[in-house]
Structures are given as structure tokens and as C-alpha cells.
Amino acid sequence: MTITRDPVLVDTLSDEHAAIIRTTLPLVGANVDTITETFYDRMFTAHPSLLRNLFNRGNQAQGAQQRALAASIATYATHLVDPALPHPAELLSRIGHKHASLGITADQYGIVREHLFAAIVEVLGADTVTADVAEAWDAVYWMMARTLIELEAKLYADAGVAAGDVYRRAIVTRRVDDPSGVVLVSVASGDDGAAEHSAAQYISVGVTLPDGARQLRQYSIVNAPGERETTFAVKPVGAGRGTPAGEVSNWIADHLAVGDLIDVTMPFGDLPTAGLGSAPVVLISAGVGITPMVGILEHLVSAALQCPVQVLHADESAASHPLRERQRNLVTSLPHATLDIWYSDGGERDSHAGFMNLSAVTIDDVADIYLCGNNAFVQNIRAQLTDRGVAADRIHCELFSPNDWLVS
């Protein structure tokens with residue numbers, strides 16, 4: 001069975017606008033880093049609270065968020081002017097869920113548009129960005145924005161909340177420090193905590209840091225749906241503490257304790273798991289990418305599903321393998337599940353040495369495959385699956401990065 005993502009609407013450009021976008025897309029692409037850097041400088045100067053209280057300062061410091069925004073708009077524009085390319089529904093669905101998890105509202109799209117177009121004119125020059133060129137790119141921007149606004153409105157309605165009203169104060173009920181360094185945090189579910197979730201979803205967590213900034217990060221939910229607690233996994237960054245990179249995860253690992261109050265959102269995430277178990281399931285992960293896979297395993301065990309399940313995981317070593325024992329116990333609890341592990345440090349007796357290689361792994365032709373890890377891992381494994389003839393619509397990817405829609 002093929003499981004689809006949330007449907008989204010996509011407009012079409014006029015022939016005139018499409019011709020202008022085709023002509024100017026290479027120029028915009030060649031200057032995209034400068035455009036986005038200028039855009040964020042302008043927007044954060046005008047609205048400094050957005051950097052302190054909404055945007056990920058770590059991604060901003062590394063330039064990742066800038067590249068993500070530019071890549072998403074350029075990718076969307078490319079889809080619009082080349083109908084032969086894959087439909088961008090998956091790209092937009094993934095962005096929409098992330099936006100909903102951050103409480104993005106329709107009015108914020110106008111702020112982005114104002115400063116983005118001012119940056120384009122500043123970088124490319126008014127002689128290049130004529131009225132016709134600006135009009136064509138404005139059409140692209142608002143097509144994408146309207147589609148996302150409609151999707152996010154539906155997500156808010158389905159969650160039973162007003163637009164952007166996704167945060168709730170929740171009390172920390174448990175904390176477990178995994179031997180790998182990952183921290184499992186549980187908060188009360190229900191009226192006084194996190195809302196009920198589906199397998200492989202995530203929540204955003206908001207914390208106020210020592211400098212007064214309220215930063216938001218998204219973490220995978222690792223427990224089965226329907227439980228009285230919601231448990232999410234946090235991986236601190238060992239190096240660079242005190243810097244924007246990993247600042248929220250490190251603060252949680254260093255300070256959060258049972259009884260503390262934190263802000264958590266309604267659950268979101270569009271990995272398509274509604275029909276999970278009606279076909280064989282393959283779960284492929286690397287590093288902390290294991291966390292949504294553990295959430296899926298918890299669901300399979302809780303629902304007592306009988307489908308064949310293959311679990312494949314890659315890590316640096318047994319010591320760095322997050323939730324290692326939990327993963328093994330869940331696989332053992334399923335009647336038709338297998339586990340294969342690759343450790344790049346040489347492995348152990350019951351694991352493979354080196355990086356994950358699927359050449360010797362048999363995968364069912366009709367299996368639903370879930371894939372999560374860093375960008376290089378996801379791209380490599382997806383290429384291996386494609387090379388062996390696995391249909392693209394059977395491979396469902398999740399990335400923990402601001403440009404994760406580019407795996408579409």
C-alpha cells in the first residue's frame with residue numbers, strides 16, 4: 001500500500017510570468033546566498049524579536065536557515081516552470097507541518113515578502129529587477145505562501161486550535177539519560193500537557209535561555225500514541241556549549257529536571273503512517289535519526305501489528321547508538337521483526353562493520369520504507385534503494401535539518 005502525504009494546492013503561473021521566471025531563475029540562483037543574507041539582515045534589523053524568539057539562532061549562525069529559505073523558493077519556482085518535474089506537494093506539506101509546529105501565522109508571510117523583495121532589488125539592482133520581473137517573482141512567492149497558509153490553517157483546524165495557538169505549558173514528569181548521551185524527557189499528556197500524537201510525529205519545545213531569548217526546537221516523540229505521557233528525545237551537542245549550535249538541546253540536557261515547566265506544542269509531522277502495518281515495514285536510520293523509528297516501533301508493538309518489520313540502523317559505535325537497548329527490546333517484542341546494525345568503528349560480534357550497505361539486504365517489493373538521518377546518509381541510502389528499483393513513492397524520508405524538503 002502506498003501512503004500519501006497531506007494534499008496541498010498548487011497554482012499555475014501565466015505564460016508571461018513563467019517565461020520571466022525561466023529567464024531570471026539562473027541569475028537569482030547565482031546570487032541566492034547574497035540575497036538571503038541581505039534579506040535576513042534586513043528582517044532581523046526591523047524585527048529583532050523574530051531572531052530571539054522564533055528563528056533558530058544556531059541555523060542562522062551557520063547559514064543553514066538562509067540557504068533553506070532560498071532553496072525552497074527556488075525549488076518551488078523551478079517546479080512551476082517545468083511541469084515535467086515531480087509535483088511539489090511533498091515539499092510543501094513538510095514545510096507546512098514545520099511551520100505549524102512553530103506557530104507561524106498568515107501575517108508573517110507579508111513580513112517575509114517585504115524584506116525578501118527589498119533584498120532582491122538591493123543585490124540584483126533596480127535595472128535588473130524591473131516591474132515585470134518583480135511581478136513575476138511576486139506571483140511565485142504568493143502562490144507558495146497561499147498554499148502554505150491554506151495547509152497550515154487546515155492543520156490548526158484539525159488540531160482544534162486558533163492559528164498559531166499551538167503552545168501549552170507542560171510539567172516534566174520523567175527524565176531518563178540514555179548511555180549514548182541522548183536525554184528522554186516526558187511531559188504529562190492531556191488537558192494539562194501535550195496533545196495526542198501519531199507515530200513518528202514531533203513537537204516543538206520552547207525554552208528561555210540565560211540571555212532572555214526564547215528559542216524553539218523540534219524533537220521526535222518516541223512513545224506510542226495514546227499514553228498518558230508524551231516522551232521526546234533530545235541529543236545535546238558535546239562541543240561548542242555556550243554557542244548557538246545546540247544551545248537549546250544543551251540547556252535541556254544540563255538543566256531540565258522533573259517538576260519543571262516547559263512550553264510544548266501540539267504534535268505535527270507528515271511522515272505518512274496512517275496505514276502503517278498493512279504492508280511490510282522497513283525502518284532505516286542513522287544516529288539520532290533513530291528517534292522517529294523508535295516511535296514507529298512503539299506504535300507497532302502497542303497495536304500488536306503482525307506485519308513483517310525490518311529495522312536497519314547505522315552509527316559510529318555501540319556507545320554512540322541512541323536508545324540501543326530500547327530498540328532491541330521493541331524488535332524482540334514484534335513477532336516478525338529483524339534488526340541489522342552497522343558500526344563505522346569496526347562493529348561488534350552481532351553487527352556489521354563500516355557504513356550501511358544494502359547490497360546484501362533483501363527488501364520486500366511492496367514494503368513501506370521509512371528513512372531518517374543526516375543529509376549525506378539519507379541521500380546515500382535513497383540512491384541505493386533507487387538503484388535496486390524501489391519505487392520513489394515507497395520511500396518516506398525525514399531529515400533533522402532546515403532544508404529537509406530538498407530530499408523530495
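Quick caveat: nothing in here was measured; it's all calculated off a predicted structure.

Trainee: Sorry, what's going on with the sheet that holds strand E3 (residues 202-208) here?
Mentor: As a general point, the strands of a sheet are linked pairwise by backbone hydrogen bonds and lie either parallel or antiparallel. Taken together, the six strands give an open sheet; going across it, the order is E4-E3-E6-E1-E2-E5, and neighbouring strands pair in antiparallel fashion. Edge positions in the sheet fall to strand E4 (214-220) and strand E5 (229-234), since each of these pairs with one other strand and no more. Looking at each pair of strands side by side, their axes are set apart by 40° on average, direction ignored. In this structure, strand E1 (residues 167-177) lies alongside strand E6 (residues 261-265), joined through five bridges in antiparallel fashion. The residue of E6 that forms the bridge with alanine 170 is isoleucine 262.

Trainee: Whenever I open this one, the packing of aromatic side chains confuses me. Can you help?
Mentor: Within a pair of aromatic rings, the relevant descriptors are the distance that separates the centres and the angle that separates the planes. Summed over all chains, the structure comprises five aromatic pairs. The interplanar angle of 35° and the centroid separation of 5.4 Å between the aromatic rings of tyrosine 40 and phenylalanine 44 together place this pair among those described as tilted. Placement of both tyrosine 40 and phenylalanine 44 in helix H2 (residues 32-46) is noted, with a separation of four residues, approximately one turn of the helix. There is no split in this pair, since tyrosine 40 and phenylalanine 44 are both buried. Feature note: the residues Phe39, Tyr40 and Phe44 constitute an aromatic cluster, connected by ring pairs. Just above the ring of phenylalanine 117 sits the side chain of arginine 113; from NZ or CZ to the centre is 4.2 Å. Against the face of tyrosine 167 rests arginine 214, its NZ or CZ located 4.6 Å from the ring centre.

Trainee: In this structure, what is going on with the sheet that holds strand E10 (residues 352-353)? I would like to understand it.
Mentor: Spatially, E10-E9-E8-E7-E11-E12 is the arrangement adopted by the six strands of the open sheet, whose pairing is parallel. With partners counted over all chains shown, the strands left at the sheet margins are E10 and strand E12 (395-399), one partner each.

Trainee: Just to check I follow, could you spell out the side chain of histidine 313 for this structure?
Mentor: With respect to the helices and strands, histidine 313 occurs in strand E8 (residues 309-315). For histidine 313, the residues in contact, after removing those within four places along its chain, are Ser285, Ala286, Gly287, Ile290, His321, Pro322, Gln327, Asp340, Ile341, Trp342 and Met356.

Trainee: Mind showing me how you'd approach the packing of helix H6 (residues 89-102) against helix H8 (residues 131-159) here?
Mentor: The description of two packed helices rests on the angle between their axes and on the distance between the axes. Running from N to C, H6 and H8 point in directions that differ by 55°, and their axes come no closer than 9 Å. Classed by the angle they form, the pair H6 and H8 counts as oblique. The two elements H6 and H8 cross, and the hand of that crossing is right-handed. On H8, the residues that touch Leu92, Ser93, Ile95, Gly96, His97, His99 and Ala100 of H6 are Met144, Thr147, Leu148, Leu151, Glu152, Leu155 and Tyr156. Grouping the constituent residues of the contact of H6 with H8 by class yields eight nonpolar, five polar and one charged.

Trainee: I would appreciate a short explanation of the confidence of the model for the protein chain in the present structure.
Mentor: Reading fine detail from the predicted coordinates is not recommended where pLDDT is low. In the predicted model, the protein chain carries a mean pLDDT of 86, and the fraction of residues at 70 or more is 87%. With pLDDT under 50 throughout, residues 1-10 is counted as low confidence; its partners more than four residues away or in other chains account for 41 contacts. Taken as a whole, residues 402-408 scores under 50 in pLDDT and shows 27 contacts with residues more than four places along the chain or in a different chain.

Trainee: Explain empty space enclosed by the protein here, please?
Mentor: Sizing a probe to match a water molecule and rolling it over the atoms shows the empty space that remains. In the structure shown here, the tally under the stated rule is two cavities of 30 Å³ or more. Lining the largest cavity are 13 residues; nearest its centre among them are Val28, Ile73, Leu116, Ile120 and Trp137. Mapped by element, the contributors of at least two residues to the lining of the largest cavity are H2, helix H5 (64-81), helix H7 (107-124) and H8. Of the residues belonging to the lining of the largest cavity, the class tally is twelve nonpolar, one polar and no charged. Approximately 60 Å³ is the volume found for the second largest cavity. Along its surface, the second largest cavity is lined by Thr24, Leu27, Val28, Phe117, Ile120, Leu124, Thr128, Val129, Val133, Ala134 and Trp137. Counting only elements with at least two residues in the lining of the second largest cavity, the list comes to helix H1 (15-30), H7 and H8. Each residue belonging to the lining of the second largest cavity can be placed in one class, and the counts come to nine nonpolar, two polar and no charged.

Cut-off values and rules
Here the residue index of a chain counts from 1 through its sequence in written order. Where local features are concerned, this predicted model is filtered to residues with pLDDT of at least 70; where side-chain atom pairs are given and counted, the filter is 80 or more; whole-chain, interface and lining totals use all residues. Excluded from the side-chain calculations are hydrogens and water; all other atoms, namely the structure's heavy atoms, are used. Strands qualify as paired when DSSP identifies two bridges or more between them. Each helix corresponds to a stretch of at least 4 residues labelled H or I by DSSP, and each strand to a stretch of at least 2 residues labelled E; elements are numbered beginning at the N terminus. Interaxial angle, 0 to 180 degrees, is taken between N-to-C directions of lines fitted to C-alpha atoms, where a helix line uses only the stretch in contact. Pairs were defined over the aromatic rings of Phe, Tyr and Trp, the Trp ring being its six-membered one, requiring ring centres within 6.5 Å. Orientation was assigned from the angle between planes: stacked under 30 degrees, edge-to-face over 60, tilted for the rest. The classification of residues rests on relative accessible area computed with a 1.4 Å probe and restricted to protein chains. Under 20% of the type maximum is buried, over 50% is exposed, and intermediate values are partly exposed. The criterion for a charge sitting over a ring is simple: Lys NZ or Arg CZ within 6 Å of the ring centre, and within 35 degrees of the ring normal. Two residues qualify as a contact provided that any one of their heavy atoms is within 4.5 Å of a heavy atom in the partner residue. Convention used here: angles under 35 degrees read as roughly parallel, angles over 145 as roughly antiparallel, angles from 65 to 115 as roughly perpendicular, and any remaining angle as oblique. The crossing is said to be left-handed when, going from far helix to near helix, the turn is anticlockwise and less than a right angle, and right-handed when the turn is clockwise. Under the scheme applied here, ten amino acids are nonpolar (Ala, Val, Leu, Ile, Met, Phe, Trp, Tyr, Cys and Pro), four are charged (Asp, Glu, Lys and Arg), and all others, including Gly, are polar. pLDDT is a residue-level measure of predictor confidence that goes from 0 to 100. A pocket, in this scheme, is an open set of points on a 1 Å grid over the protein atoms alone with protein on both sides within 12 Å along at least 5 of 7 lines, while a cavity is a set where a 1.4 Å probe fits but cannot get out; residues line either one if an atom lies within 4 Å of a point. Grid points are joined across faces, edges and corners, and a volume is the space filled by probe spheres set on the points.

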